[in-house]
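Each chain, written out:
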Amino acid sequence: MGKVVAGNWKMHHGPVAAAAFFSRFKPRFAPDSVEILFFPPDLSLAASMETAAVPAGFGVQNIHSAKEGAFTGETSAEMARGAGARFALIGHSERRHVFGEGDAEVSAKAGAAVRAGLIPVVCVGELLGERRAGHLEQVLRRQVGAIVEAVAAASRFMVAYEPVWAIGTGETATPGDAAEAHAIVRSALGELASAPILYGGSVKPGNARSLMSAPDVDGVLVGGASLDPDVFGRIVEAGAAAESVNPVREP
Ligand code: 13P
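The rules behind each value
- Residues numbered from 1 in each chain as written.
- Predicted model: local features only at pLDDT ≥ 70, side-chain atom pairs only at ≥ 80, totals over all residues.
- Heavy atoms only, no water.
- Salt bridge = Lys/Arg side-chain N within 4 Å of Asp/Glu carboxyl O.
- Helix = DSSP H or I, 4+ residues; strand = E, 2+ residues; numbered from the N terminus.
- Buried < 20%, exposed > 50% of the residue type's maximum accessible area, 1.4 Å probe, protein only.
- Arc of directions from axis to C-beta.
- Near = heavy atom within 4 Å.
- Polar contact = N/O pair within 3.5 Å; in protein donor to acceptor, adjacent residues only side chain to side chain.
- Areas by Shrake-Rupley, 256 points an atom, 1.4 Å probe, with all protein chains shown as cover.
- Nonpolar A, V, L, I, M, F, W, Y, C, P; charged D, E, K, R; others polar.

Colleague: Which parts of the structure should I look at to understand the pattern of salt bridges?
Modeller: When charged atoms on two side chains of opposite charge get close, those side chains can pair. Taken as a whole and judged by the stated rule, the model has twelve salt bridges. The partner of Arg141 in a salt bridge is Glu137, and the shortest N-O contact between them spans 2.8 Å. Taken together, the positions of Arg141 and Glu137, both in helix α7 (residues 136-145) and four residues apart, correspond to about one turn of that helix. Accessibility expressed as a relative area gives 34% for Arg141, which makes it partly exposed. One salt bridge in this structure joins Arg186 and Asp218, with 2.7 Å as the shortest N-O distance. Residue Arg186 is found in helix α9 (residues 175-189), and its partner Asp218 is found in the loop between α10 (205-212) and β8 (219-222); the two are separated by 32 residues along the sequence. With respect to class, Arg186 is no different from Asp218; both count as buried. In this structure, a network of salt bridges that share partners links the residues Arg95, Glu101, Glu105 and Lys109.

Colleague: What is the right way to read unusual backbone geometry from this model?
Modeller: Backbone phi values are negative for most residues with the exception of glycine, while trans is the configuration of most peptide bonds. Although it is not a glycine, Lys10 adopts a positive phi angle of roughly 50°. Following the sequence through the fold, Lys10 ends up in the loop between β1 (3-8) and α1 (15-24). Even without a glycine there, the phi angle at His13 is positive, about 70°.

Colleague: Would you mind showing me how to read α7 here?
Modeller: It helps to recall that an α-helix has 3.6 residues per turn; residues three or four apart then point in one direction. When α7 is considered as a whole, its buried residues turn out to be Leu136, Val139, Leu140, Gln143 and Val144. For α7, the angular spread of buried residues about the axis comes to 120°, placing them on one side.

Colleague: Honestly, the site of the ligand in this entry has me stumped. Any pointers?
Modeller: What surrounds the ligand is the set Asn8, Lys10, His92, Glu162, Ala166, Ile167, Gly168, Gly201, Ser202, Leu221, Gly223 and Gly224. Lys10 is positioned with one of its side-chain polar atoms (N or O) 2.9 Å from an oxygen atom of the ligand. Gly224 places a polar main-chain atom, nitrogen or oxygen, 2.8 Å from an oxygen atom of the ligand. Calculation on the ligand without its partners gives an accessible area of 310 Å², and the protein chains cover 96% of this total. Residue composition of the shell around the ligand, by class: three nonpolar, seven polar and two charged.

Next up, the structure:
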């Protein structure tokens, strides 16, 4: 399988903008060379799925861990699945650090996603202070350790390594930094080590190919650069090109 190139639109692109995006999104890549995923806002999921002309998987950016209930403003995994989502981001750094989700909540959400038949894409990553203090490995092992049981029964799942200091800052981990962190994540995954591990944090057309050519980097999770169809299309093309120069994942 080729690289995974995923776009997390965060709170951008309502239904009209989503349809406009897909009217212009026409990357050139060989079929099967890249798996494209989109995480639009919930309210744009239907418009996105209806207007996408390129084969792509769709998911939601967050779910609640309960099936239903008095949780104003929340969406359950079952509802997301019912609306056509196949994937769910779980524990994105903005959920952890802006909305205060801890490891236990992230684990509960991962379990809820699996039970609803969604493919969890669990996000992990260290703060700058944690990296500077030499705690990279400890943080990643803790975050991955918190979810392995919850996703053990999943037919498929992915991890996204997103160093918090590289998100939306223009600072990017080097391919070497990414490879080092991904190797830690893979080791922490134990029996689940074959899961794809995506890198996220200021991925752009100019760095996407070298990042995806690094050992253990199976794809990218792109924020800001996924909002423009031409820019994101160039990252998709970089993913198609990277596969041929990364022998690490060749069967
Ligand atoms: P940026 O690509 O904007 O840094 O965001 C990364 C991210 O958080 C993707 O989930």
